[in-house]
Amino acid sequence: MAVFVCGQHRTDYGHILLTSDNILHPPEKVTNTPSRGDGITAEDERDIKIVGCELIQSSGLLLKLPQVAMATAQIIFHRFYLVKSLVNHNYEHLAMAAIFLAAKIEEHPRRVRDVIKLFPPHSTSKGKKNHNAIRFYW
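Position numbers for residues start from 1 in each chain and track the written sequence from start to end. Residues qualify for local features only when their pLDDT is at least 70, as the model is predicted, and side-chain atom pairs are given and counted only at 80 or more; totals for whole chains, interfaces and linings, by contrast, use all residues. The side-chain figures draw on all heavy atoms in the structure; neither hydrogens nor water molecules are used.

Structural notes on the packing of aromatic side chains
Classification of ring pairs uses Phe, Tyr and Trp, with its six-membered ring standing for Trp, and accepts pairs whose centres are within 6.5 Å; under 30 degrees between planes counts as stacked, over 60 as edge-to-face, and the remaining range as tilted. Using the criterion set out here, one finds 2 aromatic pairs in the structure. Measuring from centroid to centroid gives 5.3 Å for Phe77 and Tyr81, while their planes differ by 80°, and the two rings are edge-to-face. Remark: Tyr81 and Phe77 occur in helix α4 (residues 67–83); sequence separation between them is 4 residues, near one turn of the helix. Relative accessibility thresholds used throughout: buried, under 20% of the residue-type maximum; exposed, over 50%; partly exposed, between the two (1.4 Å probe, protein chains only). Residue class for Phe77 comes out buried when judged on its relative accessible area of 0%. Take Tyr81: its relative accessible area is 0%, and that puts it in the buried class. Where Phe80 meets Tyr81, the ring centres are 5.3 Å apart and the plane angle is 80°; that geometry is what we call edge-to-face. A relative accessible area of 26% places Phe80 in the partly exposed class. The helix count covers DSSP runs of H or I at least four residues long, the strand count covers runs of E at least two residues long, and both are numbered beginning at the N terminus.

Section: the side chain of Gln74
Within the secondary structure, Gln74 is located in helix α4. Within polar-contact distance, the side chain of Gln74 engages the side chain of Gln57 at 3.4 Å. Every residue pair with non-hydrogen atoms within 4.5 Å of one another is taken to be in contact. The contacts of Gln74, once residues within four sequence positions are left out, are Cys53, Ile56 and Gln57. Under this definition, polar contacts are N or O atom pairs within 3.5 Å; protein pairs additionally need one hydrogen-donor-capable and one acceptor-capable atom, and for neighbouring residues in sequence, both atoms have to be side-chain atoms.

Some remarks on the pattern of salt bridges
By definition here, a salt bridge exists when the distance from a side-chain nitrogen of Lys or Arg to a carboxyl oxygen of Asp or Glu is within 4 Å. Here the structure, examined in full by the defined rule, presents 4 salt bridges. The salt bridge partner of Glu45 is Lys49, with a shortest N-O separation of 3.4 Å. One end of the pair is Glu45 and the other is Lys49, both in helix α3 (residues 42–62) and 4 residues apart, which spans about a single turn. Taken individually, Glu45 and Lys49 each receive the classification buried, so the pair is uniform in this respect. A salt bridge links Asp114 to Arg111; the nearest nitrogen and oxygen atoms lie 3.3 Å apart. The network of salt bridges with shared partners includes Arg36, Glu45 and Lys49.

So, the nonpolar core
Generally speaking, soluble globular proteins have nonpolar side chains that are buried together. Ile56, Phe77, Ile99 and Phe119 are the most contacted members of the largest nonpolar core, which has 24 residues in total. Going through the elements one at a time, α3, α4, α5 (91–105) and α6 (112–118) are the ones with two or more residues in this core. Per element, the largest residue contribution to this core is 8 residues, and it comes from α5. Once residues lying within four places of it in the same chain are set aside, the contact partners of Ile56 are Met70, Ala73, Gln74, Phe77, Ala95, Ala98 and Ile99. We define a nonpolar core as any set of buried Ala, Val, Leu, Ile, Met, Phe, Trp, Tyr and Cys residues linked to one another through side-chain atoms lying within 4.5 Å.

This is the structure:
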């Protein structure tokens with residue numbers, strides 16, 4: 001759409017129309033994710049994403065971030081898994097990275113040390129898995 005601003009002819013690019021016919025991600029991209037290609041069922045994928053978003057929400061509250069930063073982190077989390085598989089990328093690591101990145105994007109930066117302290121260690125110093133770490137989330 002062409003408009004006149006201060007006597008000059010300019011093209012207006014500032015309007016974006018979003019309707020149910022004009023969505024950001026087509027349904028086939030949402031239903032055929034790389035995780036499903038790697039053998040994860042739709043229910044398991046949904047459950048893991050829910051746990052990841054709850055993890056982002058609780059860590060954002062502990063970091064005293066505004067809700068908009070936590071929502072941004074959850075969007076980053078979901079968009080990442082539209083192109084990458086849950087099999088290859090740990091959801092806890094991504095939740096940590098998403099909350100750190102979203103805090104910076106929304107102008108409420110937190111130190112990396114503060115974000116890392118919120119997440120439980122995944123293994124002991126001897127390399128043994130810590131199976132009690134999941135209790136933090138429930």
